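# Breakdown of the fold
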Amino acid sequence: MKTEDIQAIKALLATPKKIAIIPHRGPDGDAMGSTLALYHFLKKFNHEPTVIAPNEFPNFLAWLPGSETLKIFENETSLCTEILKESDLIFTLDFNALHRTGEMEHTLAQMNAPFIMIDHHQKPDDYAAYTYSDTSFGSTCEMIYNFIVFMDQKFALDKTIATCIYTGILTDSGSFRFPGTTGNTHRIIAELIDLGVENTQIPILLFDNNSFSRLQLLGRALQNMKVFRNYKTSYTTLTQTELDAFDYEKGDTEGIVNYGLSMKGIHFTAIFIENKDEKIIKISFRSQGSFDVNEFARMHFNGGGHQNAAGGKSTLSMEDTITKFEALLSNLNIQ
Ligand code: 5GP
Ligand code: MN
């Protein structure tokens, strides 16, 4: 983060402020962890923070401290708009372009308060007065830790803040295994554990809370998987009918995409999930090694993300989306 930005933000935070904190639509562990960590941090200094998520967060994150204070823009649009209008400052965390907030984009774009972006996605848009963007970090939560250090407030870290930060680092790093996980990441993790983070409980809360129907949905996704060994590629699909048949709840498809990559010799995978309400096919891409799924998602599926984990969408039917995807494979250089 630029020294002059650190000084400017310190000055802004020197007196109590009304502060809105925004994660991206479909908030994940890093988006929820980073926004709630910042929420608890700002509260300690007599600010009045509110986390406003564009839409609902998945159930498996509901145990995060402070999640009960979250406002959902989609459910309480006029209240959230009022809070935004009254805000002196707006933090946007874990995303790089206002359209990642969906419908909320139009409201955010009209706000006059200065924005502070903290994010680790590529090619950040230029909407914020202060931008702390760095793709070398595996998570926004790790950057929130740094931000607190930059503010000279490391002493303010406590078990609650540490728990939120730990959660985002854990989920966005695929349990400390994705590129971007550094010695520094582990040094921070060690400090968080020393602050009392329950590092053996958190993975249980996050990952061992499957319903039977969620496991069956996973089973269906695994059965639907197609493998193209010559392209080192696999993909799977879930239609709305299949989601309905297995009592789909938000969050149930989280992580399923990674199974495609767990096969020996497969370095590129995707999951296509039909969303009848939004009339789209939501896609997640994952790769191992040099194949850049961020670029692929940007170029062909109206999306983006990181080199090894990205997402996008298609307004074609499931069948046509798959045809398009398969046709692209022969031109890719998957090592
Ligand atoms: P996931 O597949 O877990 O939803 O997302 C993987 C990564 O890609 C995350 O960093 C996420 O923010 C990003 N991502 C997912 N969907 C989209 C999208 O539609 N557009 C862009 N720009 N990024 C996305
Ligand atoms: Mn993230």
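Residues numbered from 1 in each chain as written. Chains lettered and ligands numbered in written order. Predicted model: local features only at pLDDT ≥ 70, side-chain atom pairs only at ≥ 80, totals over all residues.

In the annotation of an unreviewed UniProt entry, the protein chain is listed under the name Bifunctional oligoribonuclease/PAP phosphatase NrnA and assigned to Flavobacterium agrisoli.

## Notes on helix H7 (residues 183-194)
Along its 12 residues, H7 runs 17 Å from first to last C-alpha, staying within 8% of the 16 Å computed at 1.5 Å per residue. Buried residues of H7: Ile-188, Ile-189 and Leu-192, and no others. Along the axis of H7, the buried residues cluster in a sector spanning 105°; they form a single face. Away from the buried face of H7 by more than 90 degrees, exposed residues Gly-183, His-186, Arg-187, Ala-190 and Asp-194 are located. Here the buried face of H7 lies against helix H5 (140-150) and helix H6 (159-172). (Helix = DSSP H or I, 4+ residues; strand = E, 2+ residues; numbered from the N terminus. Expected span 1.5 Å × (residues − 1). Buried ≥ 20, exposed ≤ 12 C-beta atoms within 10 Å, placed from the backbone. Arc of directions from axis to C-beta. Contact = placed C-beta atoms within 7 Å.)

## Notes on the sheet that holds strand S1 (residues 18-22)
Backbone-to-backbone hydrogen bonds pair the strands of a sheet. The strands run either parallel or antiparallel. Within the open sheet, the six strands sit side by side as S3-S2-S1-S4-S5-S6. Their pairing is parallel. On the outer flanks of this sheet lie strand S3 (71-72) and strand S6 (130-133), each paired with one strand and no other. When strand S5 (residues 115-119) meets S6, the two strands line up parallel, connected through four bridges. Across the sheet, the residue bridging to Met-117 is Thr-131, located in S6. Lying on the sheet, H5 is in contact with strand S4 (89-93), S5 and S6; it crosses S5 at an angle near 125°. (Pairing = 2+ DSSP bridges. Axes fitted to C-alpha atoms, helices over the stretch in contact; angles between N-to-C directions.)

## A few points about the site of ligand 1
In the vicinity of ligand 1, the contacting residues are Ser-284, Gly-303, Gly-304, Gly-305, His-306, Ala-309, Ala-310, Gly-311, Gly-312 and Lys-313. Looking at the shell around ligand 1, the elements that each hand over two or more residues are strand S11 (304-305) and strand S12 (309-314). Per-element accounting of the shell around ligand 1 gives the leading share, five residues, to S12. In terms of residue class, the shell around ligand 1 is made up of two nonpolar, seven polar and one charged. (Near = placed C-beta within 6 Å. Nonpolar A, V, L, I, M, F, W, Y, C, P; charged D, E, K, R; others polar.)

## Points about the domain arrangement of the protein chain
A common way to state how big an interface is: give the accessible area lost once the parts meet. The assigned domain composition of the protein chain is domain 1 (3-206) and domain 2 (212-329). The distance between the C-alpha centroids of domain 1 and domain 2 comes to 27 Å. Taken together, the contact pairs eight residues of domain 1 with nine residues of domain 2. Here the side of domain 1 that touches domain 2 is composed, by residue class, of four nonpolar, three polar and one charged. (Domains from an automatic or database assignment.)

## Here we look at the pairing of strand S8 (residues 233-238)
Most of S8 sits inside the fold, with six of its six residues counted as buried. Across three bridges, the pairing between strand S7 (residues 226-228) and S8 is antiparallel. For Phe-228, the partnering residue across the bridge sits in S8 and is Thr-233. With antiparallel pairing between neighbouring strands as the criterion, S7 and S8 make up a hairpin whose turn holds four residues, including Lys-232 at a positive phi of roughly 50°. Pairing of S8 with strand S9 (residues 268-275), which is carried by six bridges, proceeds in the parallel orientation. Within S9, the position partnered with Thr-237 by the bridge is Phe-272.

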